[in-house]
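Structural characterization, general
The primary structure of each chain is shown beneath.
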Amino acid sequence: MKIAITLFLTIISILTSGNLPAKSAPPPAAQGWPRERTNEQGRLIYYQPQVDAWTNFKDLTFRMAFSLTPKGGKEIVGVIELQAQTDVNMDDHSVLLRDFKINEVKLPGLDPEKASQMDQAVRSFLPPGHTVVMALEQVVAAVEKSQTPAPVPVQNDAPVIFVSNTPAILLNIDGEAVRTDIAGTNLGFIVNSNFPLFFEKEPGKEYYLFTGEQWLKSASMESGWAPAPKLPADFSKVANDPQWAEMKKPILSPSTKGKPPMIFYSNKPAEVILFRGQPVYENIAGTQLSFATNTDADLFVYQPTKNYYYLAAGRWFQAPNLKGPWTYTTPQLPPDFANIPEKSPAARVLVSVPGTEEAKDAVLMAQVPTTAVVDPKAAEQAKVNYSGDPEFKPIEGTSLAYATNTPDKVIKVGDAYYLCMQGVWFMSSNPSGPWTTAASVPNEIYTIPPSSPVYNVTYVTQSTTPEGSIQSSYTAGYLGMFIAGAATGAILASGTGYYYRPYYGYPAGGYPVYRPYATTYGVGSYYNTYSGAYGVARGVYGPYGGAATTAAYNPYTGTYARGATAYGPYGSRSVGQAYNPYTGTYAATRQGSNAYSSWGQSVVSQGNRSAYTQHYSNANGTVGSIQGSQGGAAVGASTKYGNTAAGKTASGNMYATHDGNVYKNTGSGWSSYNNGSWNSVNNSAASKNPQAQSFQNTGANQAKNAQAQSFQNAGANQAKNAQSFQRSGQSAAQARTSGSGEVDRAAQNRQRGASESQRFQQASRGGGGGGRSGGGAARGGGGGRRR
């Protein structure tokens, strides 16, 4: 508890002083494409992989276009079809490709004898020990999203939504107010408040609220708050009570600076839309939408109907005006939301617009597991603390029960007990342990419904490998991010939307124990497409608008055990601490989204973990990257097969199609390669549509352009005008199927993957602060506009 309160006050101090802690070392920067390798055979340039399948997020089947320049010979262009094993590092969004297997080398138009020679030459550049590191976003963007997992039946009832044009905070009481006296004083406090809230028992019965900056008082919790120039005398007793040690400074040295914020009261899940002055809106080019520019909320107006659209916790709500009523509307979003240009400051919401490529990427990424090998001695660190004797409550629809009087996730299965802690499963015959690392998990645990507060443990799996080691994996649902269905496509939703009643315990002679569960609204639950983080930011609105963009407040007071571990500060990376209420994990890592981080490598290991020194190590060797001042990048590998290097070149982009042909964009259209020459494809058609050509050149950025999209959609008609490929014998219809239409999509995916990877790198380095023009921090679902 003391740690939680200390962090609360430290964050306040940081925000008011403007001094931020030193940032941790940045993660590896994304490596450029294409890459170059040389050996005694000559030089090979290979281009970004185009993914055909990523089975179980482990087995990658892909194609790469390449150009080979043999020593003393001319350039030859072709396609390599390969398979590789992958190790994903979700901390820095990287994928290590290893154990390469070349299935086929295709050399369009080359005679058989020369093709055989060049085949062997190409293979010499990619020996069995070869490894490649690429950005996770690049892999995800290239994967075909033909199948979507079954959505989670989340709740989508609209929260209470307040609107303010001046600094404001949300005073949220978790249900009916629970009051308790402070011994030896005329004071009491509200146990289940999200900000420190005290009251006088007699005679005035005033309430006193600490906002993090100043004290306010009122005769009612619901309204009437005004500055408190003086605190009642009994507050000095509270300040000198060791159990309230963290409140000593705010009580003895209260601040009266600044205009007090507006206080919005709610005893139900609620959100605040906080404007900096009167609302200001900006039109979004190519759409009939405008978005609010002077708020950290995601708020839009659709001009044809004048309706308002607000995004909170991954869900869209609609109202005829800012006063409401608000209703859930994700499945009925106007089509224009999908047309928001990628470069628009409002484009970050595309990840929450059903049917967009950004949403599809996010849904796929949420299924990518974070995997670790667990040393059995991890069980030595597994301790469960109960408030009194263990208490269990049945899980509806199952024969299971869960422990209610502990912040840890303990599930009773028959006569056995299973503990899920920091992404690892343990078991015991006793609810208090001792615990052993579980070799497997009962299937019934995976039937726990979303209506249960322990539902998130169903996203953690554990098994014993053929080698005898125990492997644990979790996906985004464990961190509180769930795949939700919509009529036009799946999206990610923060939180289940269910209200989980908190636990209250009343130990003899002590203060009540209050332990709330993770909630969906009023805590800034978010998925940040820029940083790839999932998290919760308690009280993101802050007492003064600027604070809302950089930190979250811990609302708890005192050091008694009232469940502070259920919530904590999910601060920005600059604050350096993070807490996830679903997992009960504090982390000092960048983004803080790794449930394994605080176990330490002695008990939990991830095979390709990066040390942020831009290198990866596993059993096959070490891969390192270097960034040059001229914008190039180089990658070197030191393996048991020797040292190799690949460097970014200025050769532009090439694409490999399924039929073995290679394409590139010449600036005036696509060209295909065959036996030493490049042949134009669709040049005449493309030249008649400059915007369509611009789409080809810039990929995803221009995909939002209606005419460019029209060009792509009309590709079938345009391809009828294309000349037959020379020496290929293919018809124009075949050229359309395997040629320009396919590479248009590949170019769009490649551009989108590069853009999303760049955003992640910027966010990871803390580039930019709060606000639309930044590049770091987080995206608040209901308060914190952070990019």
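For the structure, check the block above.
Here is a short report on the structure shown in this document. (Residues numbered from 1 in each chain as written. Predicted model: local features only at pLDDT ≥ 70, side-chain atom pairs only at ≥ 80, totals over all residues. Heavy atoms only, no water.)

Bringing the overall build of the protein into the picture now. Of regular secondary structure, the protein possesses 13 helices and 49 strands. Out of the 787 residues in the protein, the part that is buried amounts to 58%. Of the roughly 30100 Å² that the protein leaves accessible, carbon and sulfur atoms contribute 50%. (Helix = DSSP H or I, 4+ residues; strand = E, 2+ residues; numbered from the N terminus. Buried < 20%, exposed > 50% of the residue type's maximum accessible area, 1.4 Å probe, protein only. Areas by Shrake-Rupley, 256 points an atom, 1.4 Å probe, with all protein chains shown as cover.)

Within the open sheet, the six strands sit side by side as β18-β19-β20-β21-β22-β23. Their pairing is antiparallel. On the outer flanks of this sheet lie β18 (281-283) and β23 (327-328), each paired with one strand and no other. Here three bridges tie β18 to strand β19 (residues 289-292), and the two strands are oriented antiparallel to one another. When the bridges of β19 are listed, Asn-283 appears paired with Ser-290. (Pairing = 2+ DSSP bridges.)

Next up on the list: helix α6 (residues 357-366). In terms of burial, α6 is a largely internal element, eight of the 10 residues being buried. Inspection of α6 places Glu-358, Ala-359, Asp-361, Ala-362, Val-363, Leu-364, Met-365 and Ala-366 among the buried residues, and these make up the whole buried set.

To continue, consider the side chain of Thr-180. Relative to the helices and strands, Thr-180 is located in strand β10 (residues 179-181). Residue Thr-180 is classed as buried on the basis of its relative accessible area, which comes to 14%. Look past the residues within four positions of Thr-180 in its chain and what remains in contact with it is Gly-188, Phe-189, Val-191, Phe-199, Tyr-511 and Pro-512. (Contact = heavy atoms within 4.5 Å.)

What follows concerns the nonpolar core. In this structure, Ile-411, Trp-425, Phe-426, Ile-445, Ile-448 and Trp-599 are the most contacted members of the largest nonpolar core, which totals 53 residues. Of all the secondary structure elements, the ones that give two or more residues to this core are β24 (370-374), β26 (401-403), β27 (409-413), β28 (416-421), β29 (424-428), β32 (470-474), β33 (481-484) and β34 (491-494). For this core, the element with the highest residue contribution is β28, accounting for six residues. Apart from residues lying up to four places away in sequence, Phe-426 is in contact with Ala-378, Ala-379, Ala-382, Tyr-417, Tyr-418, Leu-419, Met-421, Trp-435, Thr-436, Thr-437, Ala-438 and Trp-599. In this structure, Leu-44, Phe-57, Phe-66 and Ile-102 belong to the second largest nonpolar core, which totals 40 residues. (Core = buried A, V, L, I, M, F, W, Y, C linked by side-chain atoms within 4.5 Å.)

Let's shift gears to the sheet that holds strand β31 (residues 460-464). An order of β31-β32-β24-β41 is seen for the four strands of this open sheet, with the pairing classed as antiparallel. At either end of the open sheet lies a strand with only one pairing partner, and these are β31 and β41 (604-605). Where β31 meets β32, five bridges bridge the pair, whose relative direction is antiparallel. Note that in β32 the partner of Val-460 across the bridge is Tyr-474.

All right, on to unusual backbone geometry then. Residue Trp-33 is joined to Pro-34 through a cis peptide bond whose omega torsion reads 0°. Here Pro-34 shows up in the loop between α1 (2-17) and β1 (35-39). Cis geometry is found at the peptide bond from Gly-324 to Pro-325, where omega equals 5°. Note that Pro-325 resides in the loop between β22 (315-319) and β23.

Mapped onto the elements, Val-424 comes out in strand β29. Relative accessible area serves as the criterion here: at 0%, Val-424 is assigned to the buried category. Spatially, the C-alpha atoms of Val-424 and Ser-472 are 6.0 Å apart, while their sequence positions differ by 48 residues.

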